Amino acid sequence: MLMYRITVHNSLQDIDESEWDSIVPLENAFHGHRAQLFFEQEGLVNWPPRYFCFRNEQGELVAHATAYLIPTSLVIFSSGIVRSVVDWIRTFWPAFLQPTMLECGCPISPGNPVCVRGDVDRKLLLKALAKAADMEASKTNVKFVVIRDFEDNDLPFTQGITESGYIQIANLPTTLLQIRWGNFEAYLKDLRTKYRAKVRRGMTIALRAGLTTKVRDVFAESAEDLVREWQNVHDHADEYAREELTTEFYAGIGQGLDGRCRLIEVLQDGQRVAHALAVIDGRLLRWLFFGRKKPMDRDGAYFLVISAVVRLAIEEQLATVEMGLTTYSPKTDFGAEMIPLWVFVRFRGTILGKALPLFVKFFNPVPQIRQRKVFRSTHSS
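What you see is a predicted model; the values in this text were computed from it and never measured. (Residues numbered from 1 in each chain as written. Predicted model: local features only at pLDDT ≥ 70, side-chain atom pairs only at ≥ 80, totals over all residues. Heavy atoms only, no water.)

K.L.:
Would you mind showing me how to read the nonpolar core here?
P.N.:
Here is a general trend for soluble globular proteins: nonpolar side chains tend to be buried in one another's company. Residues Leu177, Tyr187, Leu285 and Trp287 are the most contacted members of the largest nonpolar core, which totals 41 residues. Broken down by secondary-structure element, the contributors of at least two residues to this core are α6 (184–190), α7 (193–208), β9 (261–268), β10 (271–281), β11 (284–292) and α10 (301–315). Non-local contacts of leucine 285, meaning those with residues more than four positions away in its chain, are made with Ala278, Val279, Ile280, Val309, Leu312, Ala313, Leu318, Thr320, Val321 and Glu322. Val62, Ala65, Val120 and Ala133 belong to the second largest nonpolar core, which has 28 residues in total. (Core = buried A, V, L, I, M, F, W, Y, C linked by side-chain atoms within 4.5 Å. Buried < 20%, exposed > 50% of the residue type's maximum accessible area, 1.4 Å probe, protein only. Helix = DSSP H or I, 4+ residues; strand = E, 2+ residues; numbered from the N terminus. Contact = heavy atoms within 4.5 Å.)

As structure tokens, then:
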């Protein structure tokens, strides 16, 4: 069996940039050296990273993965009475059911956490990663280890993870829209009548409120206001919400991702009232965050943002829009498909080794995958 020499680093400064980037896929900007170093030094400062490097017998870097030490709720996707009870207990005991986890994956965007050279056996590699993550968790006295996110077509390569004591559970699905139209009007025309009416209704509400959109690629000077807008939405989120963004994140993310970021501003009388942050990642547009000045306004801003995201992808001649997790109803109305994602969880304990991951699975139900016939064209979803 091929053996890898595995090293674990606390800082990406230990690793040569060109060597690290040599195996980063085109549509994986968040795993690039410059982006990872930004997350480490400024963007995600409260989540210490661990960089796993895998080398072959010749000493060549053939794979790497990044993990973060992140405090995470064991009932993160729960709702109703469970969430209410847990929130009440946390007013007295903030760390209740919220351990620190070693989590392999990008904290701000879904996606497979491993970058590999083309000739690498992925089954063996993922088995090696599972064991290495477990050993690193032991060194840092962390009980929970998570490796995420895997789509259905990745699962044949994950046998080694389950053989290492991990349990497979469903994550929240992500949402993808495949772009195949030459302009936004062609996209609208392809929508079935029911969904075109929904989209136009939401956009009309926004336009009647005097809202327009503008796209910027430089926005560091607005970072302090942008993080407040994001916080307004984050604090009122009824669904999954874990990130803790800072002014430094908004100020530096543009340079950290080599100018690939786009800020979609929603304007009213020339003043920004909401925004969306997106990243052009190869031929993929990743929509990351939404923020607004008045969190509870029902002025159509969210529908206007979705339409602006779709329009931007079409104008940039991109192949796909990734709209991320949660708020599935409006995203699927615009034609996005819900894509199942899977995570592998291990609790490093004896008696509770299998029980706690099952507890996480039971108390974190995920939405049922719904595929709607949104478009007229026969090759669409």
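More follows now that the structure is in view.
K.L.:
Got a minute to help me understand unusual backbone geometry in this structure?
P.N.:
Note on backbone geometry: most residues besides glycine have negative phi, and most peptide bonds are trans. In this model, arginine 148 is joined to aspartate 149 through a cis peptide bond whose omega is -5 degrees. Relative to the elements of secondary structure, aspartate 149 occurs in strand β6 (residues 144–150). Phi is positive for aspartate 258, close to 55 degrees, though the residue is something other than glycine. Mapped onto the fold, aspartate 258 is located in the loop between α9 (247–256) and β9. Phi is positive for threonine 327, which is not a glycine, with a value near 45 degrees. Structurally, threonine 327 is set in the loop between β12 (320–322) and α11 (328–333). With a relative accessible area of 26%, threonine 327 lands in the partly exposed category.

K.L.:
Whenever I open this one, empty space enclosed by the protein confuses me. Can you help?
P.N.:
Over the atoms, a rolling probe the size of a water molecule traces out where space has been left empty. Inspection of the entire model under this criterion finds three cavities of 30 Å³ or more. If you go around the largest cavity, the residues you meet are Asn112, Val114, Val116, Arg122, Leu125, Leu126, Phe150, Asp154 and Phe157. Elements with a minimum of two residues in the lining of the largest cavity: β5 (114–116) and α4 (122–139). The element contributing the most residues to the lining of the largest cavity is α4, with three residues. A per-class count over the lining of the largest cavity returns six nonpolar, one polar and two charged. (1 Å grid on protein atoms, 1.4 Å probe; cavity = no way out; pocket = protein on both sides within 12 Å on 5 of 7 lines; lining within 4 Å. Points joined across faces, edges and corners; volume = space filled by probe spheres on them. Nonpolar A, V, L, I, M, F, W, Y, C, P; charged D, E, K, R; others polar.)

K.L.:
Explanation requested: the packing of α7 against α10 in the structure shown.
P.N.:
Packed helices, taken two at a time, are described by their axes: the angle between them and the distance between them. Interaxial distance between α7 and α10 falls to 8 Å at its minimum, and their mutual angle equals 115 degrees. Note on packing geometry: the crossing formed by α7 with α10 is left-handed. Where α7 abuts α10, its residues Lys198, Val199, Gly202, Met203 and Ala206 lie against Phe303, Leu304 and Ser307. (Axes fitted to C-alpha atoms, helices over the stretch in contact; angles between N-to-C directions. Left-handed = near helix turned anticlockwise from the far one by under 90°.)

K.L.:
Hey, could you run me through the packing of helix α8 (residues 223–235) against α9 in this one?
P.N.:
Two elements in contact, α8 and α9, have axes separated by 7 Å at closest approach and are oriented at 120 degrees. Considering their axes alone, α8 and α9 lie oblique with respect to each other. Helix-helix and strand crossings are classified by hand; for α8 and α9 the assignment is right-handed. Contact residues: Ala223, Glu224, Leu226, Val227 and Trp230 in α8; Thr247, Tyr250 and Ala251 in α9. Here the contact of α8 with α9 is built from residues that sort into six nonpolar, one polar and one charged. (Parallel < 35°, antiparallel > 145°, perpendicular 65-115°, else oblique.)

K.L.:
How do you make sense of the pairing of β10 when you look at a structure like this?
P.N.:
Consecutive residues of a regular strand have side chains that alternate between opposite faces of the sheet. Across the 11 residues of β10, 10 count as buried, placing the element largely inside the fold. Across eight bridges, the pairing between β9 and β10 is antiparallel. When the sheet's bridge partners are listed, leucine 267 is paired in β10 with arginine 272. Linking β9 back to β10 in an antiparallel pair, the connection comprises two residues, with aspartate 269 at a positive phi of about 55 degrees. (Pairing = 2+ DSSP bridges.)

K.L.:
Would you mind showing me how to read α8 here?
P.N.:
The periodicity of an α-helix, 3.6 residues per turn, causes residues three or four positions apart to be oriented the same way. With 13 residues, α8 ought to run about 18 Å at 1.5 Å a step, and its terminal C-alpha atoms sit 18 Å apart, in line with that. All of the buried residues in α8 are Ala223, Leu226, Val227, Glu229, Trp230 and His234. Taken down its axis, α8 places every buried residue within 155 degrees of arc, on the same side. Those residues of α8 that are exposed and angled more than 90 degrees off the buried face are Glu224 and Asp235. Contacts from the buried residues of α8 go to α9, β9, β10 and β11. (Expected span 1.5 Å × (residues − 1). Arc of directions from axis to C-beta.)

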